[in-house]
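What follows is the residue order along each chain.
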Amino acid sequence: MTLTDEQIAALTPAERRDLILRLVPRPDGLPSARTINRIRKWRTVLILLCALALIPWTVYLAVTLPNHYVARNWVATWVGFDIMLLSTLTLTAIAGWKRRVMVFPTAVVSGVLLLCDAWFDILTSQRTDLMQALLSAVLLEIPLALILIGGPLKVMRYLAVRYGMVNSRTHFWSLPIPVPDLYPNRKVPT
């Protein structure tokens, strides 16, 4: 059976989504839906426990850490951090240039590292260097971080809409993971 462009254009979004799901074979090596759900639940519990444990730890640090502290390995800390940032930015550039999916995690990690860099630059700078740290953060690090983090998020949403997994009006925060195998009856919630 052959479908014409006109017949495909006449399909509703739900019918197109069903057609896509019927045409795309389930890849080999995917774990069962039961295994996927078990992994998701355990990872969610682990992350939640870590977040809960971080609350008293943060309070403890706020109460016990000194206001002034001379750090050991100051140069190694910052040079090491900048090497990490350089590595993730380089990997992001390569993955983006080659149009590889790896650009998603490397871009987000690069963006987060830039936000951390701006935060620590501002908080650890001497008064004489504070203006430089603020300008660097506001003019370079934060805008670049937002581009690096926002870009992959927009592309993920675009792909979900493009392949009929979600409605184009679906807000990003309610966007489900567009993998049919994660849901009962292979239906992505819209």
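Residues numbered from 1 in each chain as written. Predicted model: local features only at pLDDT ≥ 70, side-chain atom pairs only at ≥ 80, totals over all residues. Heavy atoms only, no water.

Novice: How should the overall build of the chain be read in this particular structure?
Specialist: Summing up its helical and strand segments, the chain has six helices and zero strands in all. Listing every helix and strand of the chain by position from the N terminus yields α-α-α-α-α-α. Dimensions of the chain along its principal axes, counting C-alpha atoms only, are 75 × 35 × 30 Å. Going through the 190 residues of the chain one by one, you find that 18% of them count as buried. Put simply, 53% of the contacts in the chain that link residues at least 6 apart link residues at least 24 apart. Carbon and sulfur atoms make up 69% of the accessible area of the chain, which totals about 15,100 Å². Side chains of the chain carry 20 positive and 11 negative charges; the gap between the two charge centres is 9 Å. (Helix = DSSP H or I, 4+ residues; strand = E, 2+ residues; numbered from the N terminus. Buried < 20%, exposed > 50% of the residue type's maximum accessible area, 1.4 Å probe, protein only. Contact = heavy atoms within 4.5 Å. Areas by Shrake-Rupley, 256 points an atom, 1.4 Å probe, with all protein chains shown as cover. Lys, Arg positive; Asp, Glu negative; His and termini not counted. Charge placed at Lys NZ, Arg CZ, Asp CG, Glu CD.)

Novice: Would you explain the nonpolar core in this entry?
Specialist: The tendency in soluble globular proteins is for nonpolar side chains to be buried as a group. Trp78, Phe81, Leu85, Ala107, Leu113, Leu114, Ala145 and Leu148 form the largest nonpolar core, which has eight residues in total. At the level of elements, α4 (74-97), α5 (103-124) and α6 (130-162) are the ones that each hand at least two residues to this core. Once residues within four sequence positions are removed from consideration, Leu113 is found in contact with Phe81, Met84, Leu85 and Thr88. (Core = buried A, V, L, I, M, F, W, Y, C linked by side-chain atoms within 4.5 Å.)

Novice: Would you mind going over the packing of aromatic side chains with me for this structure?
Specialist: Aromatic rings in a pair are described by how distant their centres are and how their planes are angled relative to each other. One pass over the full model with this rule turns up four aromatic pairs. Taken together, the ring pairs connect Trp74, Trp78 and Phe81 into an aromatic cluster. (Phe/Tyr/Trp six-rings, centres within 6.5 Å; stacked < 30°, edge-to-face > 60°.)

Novice: Explain unusual backbone geometry to me, please; I cannot follow it from the model alone.
Specialist: The phi angle of most residues is negative, glycine excepted, and most peptide bonds adopt the trans form. Phi is positive for Asn73, close to 55°, though the residue is something other than glycine. Judged by relative accessible area, Asn73 falls into the exposed class, the value being 52%. The phi angle at Arg99 is positive, at roughly 55°, despite the residue not being glycine. Structurally, the position occupied by Arg99 is in the loop between α4 and α5.

Novice: Is there a simple way to think about the environment of Ile149 in this case?
Specialist: Mapped onto the elements, Ile149 comes out in helix α6. In this structure the C-alpha to C-alpha distance between Ile149 and Ser110, which are 39 residues apart in sequence, comes to 8.1 Å. Leaving out residues up to four positions away in the same chain, Ile149 has contacts with Ala107, Val108, Gly111, Val112 and Leu115.

Novice: Hey, could you run me through the side chain of Thr170 in this one?
Specialist: With respect to the secondary-structure elements, Thr170 resides in the segment after α6. Discounting chain neighbours no more than four positions away, the residues touching Thr170 are Arg157 and Leu175.

Novice: Where do I start with the packing of α5 against α6 in this structure?
Specialist: In helix packing, the relevant descriptors are the interaxial angle and the interaxial distance, both defined with respect to the helix axes. It is at 8 Å that the axes of α5 and α6 come closest, and there the two elements cross at 160°. With respect to α6, the element α5 is oriented roughly antiparallel. Our pair here, α5 against α6, has a crossing hand that is left-handed. Here the contact of α5 with α6 is built from residues that sort into 22 nonpolar, two polar and three charged. (Axes fitted to C-alpha atoms, helices over the stretch in contact; angles between N-to-C directions. Parallel < 35°, antiparallel > 145°, perpendicular 65-115°, else oblique. Left-handed = near helix turned anticlockwise from the far one by under 90°. Nonpolar A, V, L, I, M, F, W, Y, C, P; charged D, E, K, R; others polar.)

Novice: Quick question: what am I supposed to make of a nonpolar patch on the surface here?
Specialist: A surface patch of nonpolar side chains, amounting to about 860 Å² of accessible area, comprises Trp42, Val45, Leu48, Leu49, Leu52, Ile55, Val59 and Val63. Summarising the element assignment, Ile55 is placed in helix α3 (residues 33-64). For Ile55, a relative accessible area of 53% gives the class exposed. (Patch = residues over 30% accessible without salt bridge, like charges linked within 9 Å, V, L, I, M, F, W, Y side chains within 5 Å. Salt bridge = Lys/Arg side-chain N within 4 Å of Asp/Glu carboxyl O.)

Worth remembering: the numbers are spatial, not functional.
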